[in-house]
There are 2 protein chains.
Amino acid sequence: MNSSRPITIKDIARRFRCSPSTVSRALNDHPAINEDTRKNIQEYAREVGYQRNEVSLSLLNKKTASLGVVVPTISNYYETAVIEGLHTILQPLGYTLNICVTNENYMLEKEYLSKLLSNRTEGIFLSVSQETYDSGYYEHLESVIQRKTPLIFIDREYEDFETSRATVDDYHGAFAAVEHLINIGYKRIAHLKGPNGLTVSEQRLKGYVDCLKKYDMPVQEELIINTNFKVESAIVPTKRLLEMAAPPDAIFGVNDQVAIGAMRVVKDKELKIPQEVGLIGFDNSPISAYTFPSLTTVSRPGRKIGMEASRLFLNQVNGAGDFIHESIVLPSELVIRESTLRI
Amino acid sequence: MNSSRPITIKDIARRFRCSPSTVSRALNDHPAINEDTRKNIQEYAREVGYQRNEVSLSLLNKKTASLGVVVPTISNYYETAVIEGLHTILQPLGYTLNICVTNENYMLEKEYLSKLLSNRTEGIFLSVSQETYDSGYYEHLESVIQRKTPLIFIDREYEDFETSRATVDDYHGAFAAVEHLINIGYKRIAHLKGPNGLTVSEQRLKGYVDCLKKYDMPVQEELIINTNFKVESAIVPTKRLLEMAAPPDAIFGVNDQVAIGAMRVVKDKELKIPQEVGLIGFDNSPISAYTFPSLTTVSRPGRKIGMEASRLFLNQVNGAGDFIHESIVLPSELVIRESTLRI
DNA sequence: ATATCGAATGCAAACGTTTGAAAAAATAAA
DNA sequence: TTTATTTTTTCAAACGTTTGCATTCGATAT
């Protein structure tokens, strides 16, 4: 009774005692259709709220106009900025973004990819989960490659694959951050690093290490402590750092969240920022400009990454012949604020 | 040449010189299929990476197992928490979430809804955009209702519609926040409110106003200033407040972001928190616990809202006969921290 | 040998739409 | 009126899969 089956082209055809093809053509303003017929049909269609079934069209044309965006999380500023960038470019072109959150979980990532393929998604933007990284499995990606579905890596890349990728230059960002600390005169710089195995974590760590080396400063294991990107994960590590016999005089957090967590601990210890302890983050999240003191950080162009990734995808789709795989690396930029500005 | 058309059931049938139906049944473990045939077909299918075309199935079964989530933004903690909640319940049931970000834009919202309907989405979770609110247009929702596609309002509700909704009790949350300030002894309480027209903003404002009235405190227009939920939008208003002849001794921010922006300004003026100025936010975002001083706030159960909304959806889908429309209001809870704790 | 049964497979329709080609209808020219 | 031409409409196939109902084939019972 209340079935309320959506109106189809056939329903309309029955109503006008004509064939479905006529209705289809009328609705699509095909020139071969009589003016009156067209008007009547279009009016009636509007009246009864006809909306064409895109599923059937997808089947017919093998085009779905939908894209998969597979990311570990959407709880950070950076990730949402990337999505916004993708959206900015792709939405106007008629693409629908199917956002899949893996929670850093390998199985979920695998499931999502498989589902996206089954749904005949036309392209996939992927930032692999931490578990995937750790495990080193990548079979679930094979089927994407095999199907020649355009696959764009975002941010976390997979060295082994021949695909396009858009990443931020984490290495030089971290390098610049540490160099800045050294220039200011900080002597003992700690690093609250990200989870092991992630490119992001490792690149920033590498930037930190290499910069210290460049300036002939010792790289000390005990000054490098793991976090998981979240505010609270910075608390215990920072306490440990500050309670050392020889505590650091500056802390480089793997992201703003971690740096802000550290900031809290430093203040609890009643140490002056930036005089006694310098602090620096990564991401340039909106809040970093408004902490007290404001946080020196490295900006990551998330929106731009999203837009560049879109471009990479479009290149593959429109590119005649073989795909051209490109790697784009956008620079990150040091944003100096109060948390490091001692004179 | 590199067309790489996905393998279909027909391809497999041709390979085995049998009919597509046999292949279909074999792949689905139909009992009427010969054991050997089944094995051979399944093995071959795995080998060539067959993946069934869900689009065709959707067409056949009129089921897409995809749900639309239409939200104004995903840049806030709360929204992402809601999505996480939806995800938690619905992903295991095989649903795909199609997340659409409207950027508070009416036209985009309309387009998304239309597209979701065209794609035969089985349900829509909607938090209407600000523009929709302001304009008061709701025709784009009519077609959703007409199609009897389950529509669940999240958070921002539309009084005029007969639909299910899951919202947070903003009113009492705000009331409790202000009451807390009054209990502590703050005498002149300002409110940095959210954009006009949004239920969220208005409910919190109402809670603020009603609480003041209850305690016979004057409601002063000049102590109520607009913001747009973002950190930076709190800066100028807070300055204006603090430079008044009779400045407030407490500020209630419409969310944590705004409160944190205000916190920054208060500190710049070298006023003591909470002694000279009390501060309170809304959302209990992760960072609010780690500002210095930590921020008193009202927690909104975003994850729970998402889970409850899922439940409402499932009720509609599984419910025999007519839909049962439910309204769920979850309580918000005061979280007392340092920014209001003066003795 | 014939009827009966069971197992395994095939046929055909269905989902909603588009589209080239053919057919029908209307109009113009001879 | 007949033929040629143009306009308008219909037919049928296609996209990939499932499924109720035949159909086939071999085996068993009569």
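Predicted model, so just to flag it, every value in this text is computed and none were measured. (Residues numbered from 1 in each chain as written. Chains lettered and ligands numbered in written order. Predicted model: local features only at pLDDT ≥ 70, side-chain atom pairs only at ≥ 80, totals over all residues. Heavy atoms only, no water.)

A. How the structure looks around the overall build of chain A. The helix and strand tally for chain A stands at 13 helices and twelve strands. Relative to a compact globule of 343 residues, whose C-alpha radius of gyration would be 20 Å, chain A shows 26 Å and is clearly more extended. Taken along its principal axes, the extent of the C-alpha atoms in chain A is 90 × 40 × 35 Å. Relative to its 343 residues, chain A shows a buried fraction of 55%. Working note: accessible area of chain A is about 15100 Å², and carbon and sulfur atoms make up 51% of it. Positive and negative side-chain charges in chain A, numbering 39 and 43 respectively, have mean positions lying 7 Å apart. (Helix = DSSP H or I, 4+ residues; strand = E, 2+ residues; numbered from the N terminus. Rg over C-alpha atoms; globule rule 2.2 N^0.38 Å. Buried < 20%, exposed > 50% of the residue type's maximum accessible area, 1.4 Å probe, protein only. Areas by Shrake-Rupley, 256 points an atom, 1.4 Å probe, with all protein chains shown as cover. Lys, Arg positive; Asp, Glu negative; His and termini not counted. Charge placed at Lys NZ, Arg CZ, Asp CG, Glu CD.)

B. Highlighting the interface of chain B and chain A. Contacts between the two partners involve 61 residues from chain B and, on the opposite side, 60 residues from chain A. Summing both partners gives a buried area of about 5300 Å² for chain B against chain A, and 53% of it is carried by carbon and sulfur. Per-residue buried area on chain B facing chain A is highest for Q51, R264 and Y290 of chain B; these three make up 14% of the total on that side. Counting across the interface, chain B meets chain A through two salt bridges. Ionic pairing is found between R264 of chain A and E338 of chain B, a salt bridge with its closest N-O pair at 2.7 Å. Linking chain B with chain A are 22 residue pairs in polar contact (both at pLDDT 80 or more). Within the residue set of the side of chain B that touches chain A, elements represented by two or more residues are helix 4 (54-61), helix 5 (77-90), strand 2 (96-101), helix 6 (106-118) and helix 12 (256-268) of chain B. Per-element tally for the side of chain B that touches chain A: the top contributor is helix 6 of chain B, with seven residues. (Contact = heavy atoms within 4.5 Å. Buried area = accessible area lost by both parts, 1.4 Å probe. Salt bridge = Lys/Arg side-chain N within 4 Å of Asp/Glu carboxyl O. Polar contact = N/O pair within 3.5 Å; in protein donor to acceptor, adjacent residues only side chain to side chain.)

C. Quick look at the packing of helix 6 of chain B against helix 8 (residues 139-146) of chain B. Residue and element names in this part refer to chain B. Where helix 6 contacts helix 8, the axes come no closer than 9 Å and their chain directions differ by 15°. In terms of orientation, helix 6 lies roughly parallel with respect to helix 8. At the point where helix 6 passes helix 8, the crossing takes the left-handed sense. Where helix 6 approaches helix 8, its residues Y106, E109, K110, L113 and L117 are matched on the opposing element by H140, L141, S143 and V144. Looking at the contact of helix 6 with helix 8, its residues break down into five nonpolar, two polar and two charged. (Axes fitted to C-alpha atoms, helices over the stretch in contact; angles between N-to-C directions. Parallel < 35°, antiparallel > 145°, perpendicular 65-115°, else oblique. Left-handed = near helix turned anticlockwise from the far one by under 90°. Nonpolar A, V, L, I, M, F, W, Y, C, P; charged D, E, K, R; others polar.)

D. Main features of helix 12 of chain B. All names here are of chain B. A rise of 1.5 Å per residue sets the reference length of helix 12, with its 13 residues, at 18 Å; its end C-alpha atoms lie 18 Å apart and thus fit the reference within 8%. Of all 13 residues making up helix 12, eleven are buried, and the element is well covered by its neighbours. What helix 12 keeps buried is the set D256, V258, A259, I260, G261, A262, M263, R264, V265, V266 and K267. Between the side-chain oxygen at the start of helix 12 and the backbone nitrogen of Q257 there is a gap of 3.3 Å, and the oxygen is on N255. Directly beyond the C-terminal end of helix 12, a positive phi value near 60° is found at E270. (Expected span 1.5 Å × (residues − 1).)

E. Fine view of empty space enclosed by the protein. Scanning all chains against the criterion turns up seven cavities of 30 Å³ or more. Of the pockets and cavities examined, the largest cavity occupies roughly 120 Å³. Lining the largest cavity we find 15 residues, and of these T291 and F292 of chain A together with M263, T291 and F292 of chain B sit closest to its centre. Counting residues per element, the ones that place at least two in the lining of the largest cavity are helix 12 (256-268) of chain A together with helix 12 of chain B. Across the lining of the largest cavity, the residue classes tally to nine nonpolar, two polar and four charged. Volume-wise, the second largest cavity comes out at about 70 Å³. (1 Å grid on protein atoms, 1.4 Å probe; cavity = no way out; pocket = protein on both sides within 12 Å on 5 of 7 lines; lining within 4 Å. Points joined across faces, edges and corners; volume = space filled by probe spheres on them.)

F. Expanded view of the sheet that holds strand 7 (residues 224-226) of chain A. All names here are of chain A. Reading across the sheet, the four strands line up as 7-6-8-9 and stay open at both edges, with parallel pairing between neighbours. Edge positions in the sheet fall to strand 7 and strand 9 (278-280), since each of these pairs with one other strand and no more. Averaged over all pairs of adjacent strands, the angle between strand axes in this sheet comes to 15°, irrespective of strand direction. By the bridge criterion, four bridges tie strand 6 (residues 189-193) to strand 8 (residues 250-253) in an arrangement that is parallel. In the sheet register, I189 faces strand 8, and the bridge partner there is A250. Relative to the sheet, helix 9 (residues 170-184) contacts strand 6, strand 8 and strand 9, its axis offset from that of strand 8 by approximately 170°. Lying on the sheet, helix 12 is in contact with strand 6, strand 8 and strand 9; it crosses strand 9 at an angle near 155°. (Pairing = 2+ DSSP bridges.)

G. Expanded view of the side chain of T121 of chain B. Within the secondary structure, T121 of chain B sits in the loop between helix 6 and strand 3 (123-126). Since its relative accessible area comes to 7%, T121 of chain B is described here as buried.

H. Region of interest: the protein's contact with DNA strand C. By nearness alone, 25 residues border DNA strand C, and I9, S24 and Y50 of chain A together with T22 and R25 of chain B come closest of all. Taking all atoms of DNA strand C within 4 Å of the protein, the share assigned to sugar and phosphate is 58%. N34 of chain B is positioned such that a nitrogen or oxygen atom in its backbone is 3.1 Å from a phosphate oxygen of DNA strand C. At 3.2 Å, a side-chain N or O of T37 of chain B approaches a phosphate oxygen of DNA strand C. The set of elements that each furnish at least two residues to the surface near DNA strand C consists of helix 1 (9-16), helix 2 (20-27) and helix 4 (54-61) of chain A together with helix 2 (20-27) and helix 4 of chain B. Residue composition of the surface near DNA strand C, by class: eight nonpolar, eleven polar and six charged. (Near = heavy atom within 4 Å.)

I. Fine view of the environment of P195 of chain B. Residues and elements named next belong to chain B. Position of P195 among the secondary structure elements: in the loop between strand 6 (189-193) and helix 10 (199-214). The sequence separation of P195 and T227 amounts to 32 residues, and the corresponding C-alpha distance is 6.2 Å. Excluding anything up to four places from it in sequence, P195 contacts Q130, S201, N226, T227, N228 and F229.

J. Focus on the environment of A309 of chain B. Residues and elements named next belong to chain B. Among the secondary structure elements, A309 is positioned in helix 13 (residues 302-318). The exposure class assigned to A309 is buried, which follows from its relative accessible area of 0%. Sequence separation of A309 and G85 is 224 residues, and the distance between their C-alpha atoms is 8.6 Å. Discounting residues that sit within four places of it in the chain, A309 has contacts with L86, F125, I152, I154 and A166.

K. Spatial organisation of the protein's contact with DNA strand D. Every one of the 26 residues lining DNA strand D counts as a neighbour, but T22 and R25 of chain A together with I9, S24 and Y50 of chain B are closest to it. If you list the elements that add at least two residues to the surface near DNA strand D, you get helix 2 and helix 4 of chain A together with helix 1 (9-16), helix 2 and helix 4 of chain B. A breakdown of the residues in the surface near DNA strand D according to their chemical character gives nine nonpolar, eleven polar and six charged.

L. Here's a closer look at the packing of aromatic side chains. Within this structure, the stated rule accounts for twelve aromatic pairs over all chains. Between Y95 of chain A and F313 of chain A the ring centres are 5.5 Å apart and the planes differ by 80°, which places this aromatic pair in the edge-to-face class. Residue Y95 of chain A is found in the loop between helix 5 (77-90) and strand 2 (96-101), and its partner F313 of chain A is found in helix 13 (residues 302-318); the two are separated by 218 residues along the sequence. Each member of the pair, Y95 of chain A together with F313 of chain A, is buried. Centroid distance F252 of chain B to F282 of chain B: 6.5 Å. Interplanar angle 40°. Geometry classified as tilted. Here F252 of chain B, found in strand 8 (residues 250-253), pairs with F282 of chain B, found in the loop between strand 9 (278-280) and strand 10 (297-299); they are 30 residues apart in sequence, far enough to count as distant. One aromatic cluster is present, formed by Y95, F125 and F313 of chain A through successive ring pairs. Here the basic side chain of R342 of chain B rests over the ring of Y186 of chain B, its NZ or CZ set 3.9 Å away from the ring centre. (Phe/Tyr/Trp six-rings, centres within 6.5 Å; stacked < 30°, edge-to-face > 60°. Lys NZ or Arg CZ within 6 Å of the ring centre and 35° of its normal.)

M. The UniProt feature "domain: HTH lacI-type" (unreviewed entry) in chain A, seen in detail. Following the UniProt record, one finds the feature "domain: HTH lacI-type" (unreviewed entry) at residues 7-61 of chain A. For residues 7-61 of chain A, the end-to-end C-alpha separation is 21 Å, with 69% helix and 0% strand making up the annotated structure. (UniProt positions renumbered as here; feature names shortened; annotations may be inferred.)

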